[in-house]
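Structural description and commentary
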Amino acid sequence: MAANPSEIETLVQNRKYAAGFITDIESDSVPPGLSEDVVRLISARKQEPEWLLEFRLKAYRRWLTMREPRWAHVQYPKIDYQAISYYSAPKSMKDAPKSLDDVDPKLIETYNKLGIPLREQEMLAGVVPDRPQVAVDVVFDSVSVGTTFKKKLAEAGVIFCSISEAVREHPALVKQYLGTVVPFADNFYASLNSAVFTDGSFVFVPRGVRCPMELSTYFRINERNTGQFERTLIICEDDAHVSYLEGCTAPQRDENQLHAAVVELVALDRAEIKYSTVQNWYPGDENGVGGIYNFVTKRGDCRGVASKISWTQVETGSAVTWKYPSCILRGDDSVGEFYSVALTHHRQQADTGTKMIHLGRNTKSTIVSKGISAGHGQQAYRGLVRVGEKAEGARNHTQCDSLLIGSNCGAHTFPYTEVRNPTAIVEHEATTSKIGEDQLFYCRSRGIGEEDAVSMIVNGFCKDVFKELPMEFAVEAQKLLQVSLEGAVG
Amino acid sequence: MTKLLEIENLHARIGDNEILKGLDLSVGAGEIHAIMGPNGAGKSTLSKVLAGAEDYVVTSGTIRYQGQDIAEQSAEQRAAHGIFMGFQYPVEIPGVSNMMFLKAAVNAQRKERGEPEMAANDFLAWVRHRVKQMKMDPAMLSRGVNQGFSGGEKKRNEILQMLVLEPKLMVLDETDSGLDIDALKIVSDGINAMRSPERATILVTHYQRLLDYVQPDFVHVLAAGRIVKSGGPELARELEEKGYGWLQAA
Ligand SMILES: Nc1ncnc2c1ncn2[C@@H]1O[C@H](COP(=O)(O)OP(=O)(O)OP(=O)(O)O)[C@@H](O)[C@H]1O
Ligand SMILES: [Mg+2]
């Protein structure tokens, strides 16, 4: 049968962005612009110790000498870094709330609208008793507005708080690990982040502890012309275990907003970190106006033997994405995994993938990447598998599939492999397919409407990744894809 | 009495290619019609046009189903009202389990007809019953729709879907092609099981052997976009013997 792409395209045209509302609260923002003074001011506002100010200043000075990377398969106008405000905090947060009761009710309302209950009793209300509890940290513009279930976590010995709080309460730990996975000079955006990061989450799971619940952080950019530069640091000591999820949304605005986060994970001997992301930043409208620029450096260090770091991401938002969650497999027998679903629609562009750096012996990595492009969306998978000289018996398997919806979108695959040990086995499989009229017609001839058929086919395509997500987030991710592909039929 | 299906002077094209050129066919409830004809004659085209494929344009003529002109009905509406097409080349949908697919189909059809969804347990029992009837391995239910199925397994899966959905008008496009001898028997049993005074079946086939198991009431020859000859079961045997050449010459 002849394909009739225009029809499928209309299906995915009218994507609605449900999280696009703006919260009207007074905020305390630093005027736009970046200089050493601004870096000092951020550090002072947060009453940081001297060593951290030094870290920021070193990063800032290095950043001044760096150039924005241009190798990615994305196009966007030059960003004016002097037009961005590097710090914005809701005003009522100025004296750091002691509990959620001190938090501006409008903020709580914002999160309720997003379906993220901030109060523990609300989280528990009406919930089946044996459903796993989820502790949530919430970052609004640049500031963490509260973490739930702290007490229960503390009893288990787990620290879960904002990174600002960690700097105050656990400075030795932060100092020991910050910047050890993503050095301040790593790349343009990581340096920028190191200079101006404002908040983010901190997790520390001590030796032998399995974190008793899922941990989760929700990020939201609200303020106009504000960049969000959060920094997340997760440490699992020997035999410790944690599953962590981040979710992101932003209001619908005409101008672009910059998000340049850094995430560092450290897994010691036999430790396991599972990091899941459901990213739904505002993607811009169908003409490509507005939306978030998402330039993120995420890296996990399997420092200990038999440690494991697993990245799972579902990316449906952002105007431009540049992101390669990576694993450094340093410890012998360590394992790195990357499971990704990325959807680009309208004028969205994504250049995403992963890096697996095999240094230790018998290290294993698995990459499953599912890219979906619709409308005029452009997507590139960029993956590096590097096997060092000493990585005897290293193995990698990469599966990289692209699904095209309509004929104006594109998918590109750039796999890089560098193998320096002859015993390594590196496998790569890639497919590109189209949702065909024939698949749609098959579903419709059985009574399944067009929209449901598209979302069913897409979900089927993503199945290998969804099954890696924690249960309740898998449901969330499926819904998100469905909404993202919602459109007017006929 | 109105016929279940009445096709009059049907013209349909794809792109600039006119495929159906004035086709007439009328099928009464309770009847089984076999359509045979040379490759490229338009048999699959007819099947897809009946099922509501939108890449074919009906340029003139009418299709009446249960007395109503269905020109304006979408494929999914036709399905909900009981038109089922068994595909000559069933499509694969990776990652969507057969079970999920069947459930989505059944419930979508019920919704369209204003009926409540089927209870999960009832549905499961119903599907299992049909799987057994088709002598299929129940494990296939958790596999992707036709994903990695052999040619014959795909055809059998078409009949399974038909049995689960219980349509009124079944248009089976070469369901017998690619089946081994045992599978042909099972598929034929499935088709016969659906035989009833309210239902009708159109079998598109190239071979007499299917018609040995499923006795047609009428046999038609479709050539160059039209029904050029109709008769009883004996016509199929005649065709098997002589081919189609003598018809075109006539
Ligand atoms: N997309 C298309 N564009 C142009 N011609 C087409 C297209 N699809 C089908 N056709 C033509 O329409 C004619 C009828 O095809 P159809 O599939 O209906 O034949 P058929 O009778 O089912 O044949 P077979 O016995 O081989 O299955 C063929 O000549 C075919 O090449
Ligand atoms: Mg055919």
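Provided above is the structure to which this section pertains.
Computed from a predicted model, the values in this text were never measured in an experiment.

1. Considering the packing of aromatic side chains
Applying the stated criterion across every chain yields a total of 17 aromatic pairs over all chains. Measuring from centroid to centroid gives 4.9 Å for Tyr442 of chain A and Phe87 of chain B, while their planes differ by 75°, and the two rings are edge-to-face. Taken as a pair, Tyr442 of chain A in helix H10 (residues 437–444) and Phe87 of chain B in the loop between strand S6 (83–86) and strand S7 (93–97) lie in two separate chains rather than in one. On the accessibility criterion, Tyr442 of chain A (0% relative accessible area) is buried. The exposure class of Phe87 of chain B is buried, given its relative accessible area of 5%. Here a set of aromatic residues connected by ring pairs shows up, and it is made of Tyr60, Trp63, Tyr81, Phe188, Tyr189, Tyr293, Phe295, Trp322 and Tyr324 of chain A. Positioned over the ring face of Trp246 of chain B is Lys242 of chain B, at 4.6 Å from the centre of the ring.

2. Re the site of ligand 1
Residue and element names in this part refer to chain B. As a matter of local geometry, ligand 1 sits amid 14 residues, with Ile19, Gly40, Lys43, Ser44 and Thr45 nearest to it. Contact distances for ligand 1 include 2.9 Å between an oxygen atom and a backbone N or O atom of Gly42. Burial of ligand 1 by the protein amounts to 66% of the accessible area it has alone, namely 640 Å². The dominant element in the shell around ligand 1, judged by the number of residues it contributes, is helix H1 (residues 43–51), at 3 residues. Partitioned by chemical class, the residues of the shell around ligand 1 number 4 nonpolar, 8 polar and 2 charged.

3. Digging into the coordination of the magnesium ion (ligand 2)
Residues and elements named next belong to chain B. Distances from the magnesium ion (ligand 2) to its protein donors, Ser44 (OG) and Gln88 (OE1), fall at 2.0 to 2.1 Å. Pair noted here: Ser44 is in helix H1 and Gln88 is in the loop between S6 and S7, with a separation of 44 residues, a long-range link. The class for Ser44 is buried, based on a relative accessible area of 18%. Given a relative accessible area of 16%, Gln88 falls into the buried group.

4. So, the side chain of Glu315 of chain A
All names here are of chain A. Secondary-structure assignment places Glu315 in strand S14 (residues 308–315). Take Glu315: its relative accessible area is 4%, and that puts it in the buried class. At 2.3 Å, the side chain of Glu315 and the side chain of Lys323 are in polar contact. Leaving out residues up to four positions away in the same chain, Glu315 has contacts with Thr277, Gln279, Asn294, Thr321, Lys323, Val341, Ala342 and Leu343.

Calculation notes
- Residues numbered from 1 in each chain as written.
- Chains lettered and ligands numbered in written order.
- Predicted model: local features only at pLDDT ≥ 70, side-chain atom pairs only at ≥ 80, totals over all residues.
- Heavy atoms only, no water.
- Phe/Tyr/Trp six-rings, centres within 6.5 Å; stacked < 30°, edge-to-face > 60°.
- Helix = DSSP H or I, 4+ residues; strand = E, 2+ residues; numbered from the N terminus.
- Buried < 20%, exposed > 50% of the residue type's maximum accessible area, 1.4 Å probe, protein only.
- Lys NZ or Arg CZ within 6 Å of the ring centre and 35° of its normal.
- Near = heavy atom within 4 Å.
- Polar contact = N/O pair within 3.5 Å; in protein donor to acceptor, adjacent residues only side chain to side chain.
- Areas by Shrake-Rupley, 256 points an atom, 1.4 Å probe, with all protein chains shown as cover.
- Nonpolar A, V, L, I, M, F, W, Y, C, P; charged D, E, K, R; others polar.
- Donors = N, O, S within 2.8 Å, 3.2 Å for Na, K, Ca; no water.
- Contact = heavy atoms within 4.5 Å.

Structural measurements only, silent on function.
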